[in-house]
Amino acid sequence: MSPAHVLEPTYRRIKRALIDGIWPGGTRLEALRLAEEFGVSMTPVRDSLNQLVGEGLVDLTPGEGFRVPILTEQGLRDILHVNLVLLETVTHKEWRLPGASDIEDWPHDYAGRVTASFSAIAAGSSNRFLAALIDRISDRLHHVRIHEPDILPDAAEILSEIEASLRGSRNQRSSALQQYHNKCQKHAFRLINVLTE
């Protein structure tokens, strides 16, 4: 196992590149090349890649090595469906509003704000397992969300409705979440195509 002072930054760097979609789906992630690029040994790179396999951000095929998962249109639709089900599950009567200071610290970019909104909804449920699943889905879809403002009509307005629903009723949250996910489903083909351009 790699020392934490080397493993953690290596893991964060690889994860950030995956989340941001730096490598296209199907790209082979060669531990030796990444180790040379990062100026570390192969051990922390391999350890990081194995951890990211467990998080669903990297695929591992024996004999072929590590690859960036390929997101298909159907795969995107499936993930969106599961994300909506999970978010609707956590927005029940005992749901806790995020604090004002939580919202003030949110990212300013569209993809970051979508992730922060969904994380706040998940965290408000006090169900840590569901919150972790929703965060993993957000990691997997971050590079798709980067392109949503260019593809989805009214993306900014839908996001504003999601954010406003954090202070609204359960029905408002449910409506805003359904609207967002329906728009993404409707434009799944275009969202996947923009990733491959």
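Right above here is the structure, for reference.
Attention here is on the structure that accompanies the text.

## A look at the overall build of the protein
Helix and strand counts for the protein come out as 11 helices and three strands. Ordered by position in the sequence, the α and β elements of the protein form the string α-β-α-α-β-β-α-α-α-α-α-α-α-α. The C-alpha radius of gyration of the protein comes to 18 Å, within 12% of the 16 Å expected for a compact globule of 197 residues. A principal-axis box enclosing the C-alpha atoms of the protein has dimensions of 50 × 35 × 30 Å. Across the 197 residues in the protein, those meeting the buried criterion constitute 45%. Long-range contacts, defined as pairs at least 24 residues apart, comprise 75% of the intrachain contacts of the protein with a sequence gap of at least 6. Of the roughly 10300 Å² of accessible surface on the protein, a fraction of 52% belongs to carbon and sulfur atoms. Charge centroids of the protein, computed over 22 positive and 26 negative side chains, lie 3 Å from each other.

## Describing helix α7 (residues 128-145)
Between its terminal C-alpha atoms α7 stretches 24 Å, which fits the 26 Å expected from 18 residues at 1.5 Å a residue. Roughly 35 degrees is the biggest bend found in α7, and it falls at Asp 139. Inspection of α7 places Leu 130, Ala 131, Ile 134, Ile 137, Ser 138, Asp 139, Arg 140, Leu 141, His 142, His 143, Val 144 and Arg 145 among the buried residues, and these make up the whole buried set. With a side-chain oxygen lying 3.2 Å from the backbone nitrogen of Phe 129, the N-terminal cap of α7 falls on Asn 127.

## Considerations on the nonpolar core
Judged by nonpolar contacts, the single largest core of 37 residues is most densely connected at Leu 76, Phe 118, Leu 141 and Tyr 180. Among the secondary structure elements, those contributing two or more residues to this core are α4 (73-90), α6 (110-123), α7, α9 (155-165), α10 (170-186) and α11 (188-196). In contact with Tyr 180, not counting residues within four places along its chain, are Tyr 110, Val 114, Phe 118, Arg 145, Glu 148, Ile 158 and Ile 162. Counting residues in hydrophobic clusters, the runner-up holds 18 residues, among them Ile 14, Val 45, Leu 57 and Val 58.

## Digging into the sheet that holds strand β2 (residues 59-61)
Taken in spatial order, the three strands make up an open sheet running β1-β3-β2, and their pairing is antiparallel. Among the strands making up the open sheet, the edge pair consists of β1 (28-29) and β2. Most of the contacts of helix α3 (residues 42-54) go to strand β3 (residues 65-67), to which it runs at about 60 degrees, and overall it touches β1, β2 and β3.

## Observations concerning the pattern of salt bridges
Under the definition given, this model contains eight salt bridges. Asp 139 is the salt-bridge partner of Lys 15, the closest N and O atoms lying 3.1 Å from each other. Residue Lys 15 is found in helix α1 (residues 4-19), and its partner Asp 139 is found in helix α7; the two are separated by 124 residues along the sequence. On the basis of relative accessible area, Lys 15 is assigned to the buried category, the value being 18%.

## What about α3?
If you check α3, its first and last C-alpha atoms are 19 Å apart, about what 13 residues at 1.5 Å a residue would give, namely 18 Å. Along α3, the positions that sit buried rather than exposed are Pro 44, Val 45, Asp 47, Ser 48, Leu 49 and Leu 52. Gly 56 sits one or two residues past α3 and shows a positive phi near 80 degrees.

## Topic: the side chain of Asp 139
On the basis of relative accessibility, which here comes to 18%, the residue Asp 139 falls in the buried class. At 3.1 Å, the side chain of Asp 139 and the side chain of Lys 15 are in polar contact. Excluding anything up to four places from it in sequence, Asp 139 contacts Lys 15, Ile 19 and Leu 57.

## Looking at the packing of α4 against α10
The packing of two helices is summarised by the inter-axis angle and the distance between the axes. Where α4 meets α10, the closest approach of the two axes is 10 Å, and the angle between their N-to-C directions is 180 degrees. In terms of their interaxial angle, α4 and α10 are classed as roughly antiparallel. Residues Arg 77, Leu 80, His 81, Asn 83, Leu 84, Leu 87 and Glu 88 of α4 touch α10, and the partners they reach there are Arg 170, Ser 174, Leu 177, Gln 178, His 181, Cys 184 and Gln 185. Across the contact of α4 with α10, the residue classes tally to five nonpolar, six polar and three charged.

Rules of the game
- Residues numbered from 1 in each chain as written.
- Predicted model: local features only at pLDDT ≥ 70, side-chain atom pairs only at ≥ 80, totals over all residues.
- Heavy atoms only, no water.
- Helix = DSSP H or I, 4+ residues; strand = E, 2+ residues; numbered from the N terminus.
- Rg over C-alpha atoms; globule rule 2.2 N^0.38 Å.
- Buried < 20%, exposed > 50% of the residue type's maximum accessible area, 1.4 Å probe, protein only.
- Contact = heavy atoms within 4.5 Å.
- Areas by Shrake-Rupley, 256 points an atom, 1.4 Å probe, with all protein chains shown as cover.
- Lys, Arg positive; Asp, Glu negative; His and termini not counted.
- Charge placed at Lys NZ, Arg CZ, Asp CG, Glu CD.
- Expected span 1.5 Å × (residues − 1).
- Bend = angle between axes of the 7 residues up to and from the residue.
- Polar contact = N/O pair within 3.5 Å; in protein donor to acceptor, adjacent residues only side chain to side chain.
- Core = buried A, V, L, I, M, F, W, Y, C linked by side-chain atoms within 4.5 Å.
- Pairing = 2+ DSSP bridges.
- Axes fitted to C-alpha atoms, helices over the stretch in contact; angles between N-to-C directions.
- Salt bridge = Lys/Arg side-chain N within 4 Å of Asp/Glu carboxyl O.
- Parallel < 35°, antiparallel > 145°, perpendicular 65-115°, else oblique.
- Nonpolar A, V, L, I, M, F, W, Y, C, P; charged D, E, K, R; others polar.

Honestly, that's just the spatial picture; any functional story needs more than this.
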